[in-house]
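# What the coordinates show
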Amino acid sequence: MDVKIENSWKALLKDEFEKDYFKNLTDFVKQEYKTHTIYPPGRDIFKAFDLCPVDKVKVVIIGQDPYHGKGQAHGLCFSVKDGVKIPPSLRNIYKELHNDIGKEIPETGNIEHWAKQGVLMLNATLTVRAGNAGSHQGKGWENFTDAVIEKISKEKENLVFLLWGAYAQKKGQVIDNEKHYILKSAHPSPFSAYTGFFGNKHFRKTNEFLKSKGKEEIKW
């Protein structure tokens, strides 16, 4: 199957694209785009991969579902397009960034610049119906993104995995913790940020680890 995704990911995931579940998923997603308003736009489904080729990946952030509001989702977990109101979880991420490393809180919620530096911002599910959170869960995306995590865990070493919340931590069980640096905390959602996300110092710890391995730090 010819999937429009960055070439290094296409090579790494080629076996996955031929599996029955992925073909069924593709049929489902195509039909959904024809009959409903789906986010993100089709060209952005694999944007997290397109901006961050396999050899560039240094950090992985695992999210759950794309934003389901108009104009929000653009293929990167937690990120929104320029000009879109910053969602609560991202606002809390920015607060922790400020408290952790002193970064001024940005006016935009677009964090593409993280991806371009090697941060793979991977949602577990890559599409969603407008206004209907979780509507594309259980259709095959989770199988695909599990495979992505497992393959990069196997192929690479000394990655940093940021697992925020129980969902991400469960999904991260396939990561080889002897090869990679895994940081866990509560989710940045307003419902849980005060139970362990604030004060986790994950941004500082990530850069300290990257520096210790001779890698360039992330300019958050």
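Keep in mind that what you see is a predicted model, and the values were worked out from it rather than measured.

The next point concerns unusual backbone geometry. Here the bond from Y39 into P40 is cis, since omega is -5°, no more than 30 degrees from zero. As for its position among the elements, P40 is in the loop between β1 (38–39) and α4 (47–50). We note that F78 has phi near 75°; this positive angle belongs to a residue other than glycine. With respect to the helices and strands, the residue F78 is situated in the loop between β2 (59–63) and α5 (88–101). Take F78: its relative accessible area is 10%, and that puts it in the buried class. Unlike most non-glycine residues, N158 shows phi in positive territory, near 60°.

Quick look at the sheet that holds strand β3 (residues 119–123) now. Ordered in space as β3-β2-β5-β6, the four strands form an open sheet in which the pairing is parallel. The outermost strands of the open sheet, each flanked by one partner alone, are β3 and β6 (181–185). Strand-to-strand twist across the sheet, computed as the mean angle between neighbouring axes with direction ignored, equals 20°. As judged from the five bridges shared by strand β5 (residues 160–164) and β6, these two strands associate in the parallel manner.

Each value, and the rule that gives it
Residues numbered from 1 in each chain as written. Predicted model: local features only at pLDDT ≥ 70, side-chain atom pairs only at ≥ 80, totals over all residues. Heavy atoms only, no water. Helix = DSSP H or I, 4+ residues; strand = E, 2+ residues; numbered from the N terminus. Buried < 20%, exposed > 50% of the residue type's maximum accessible area, 1.4 Å probe, protein only. Pairing = 2+ DSSP bridges. Axes fitted to C-alpha atoms, helices over the stretch in contact; angles between N-to-C directions.

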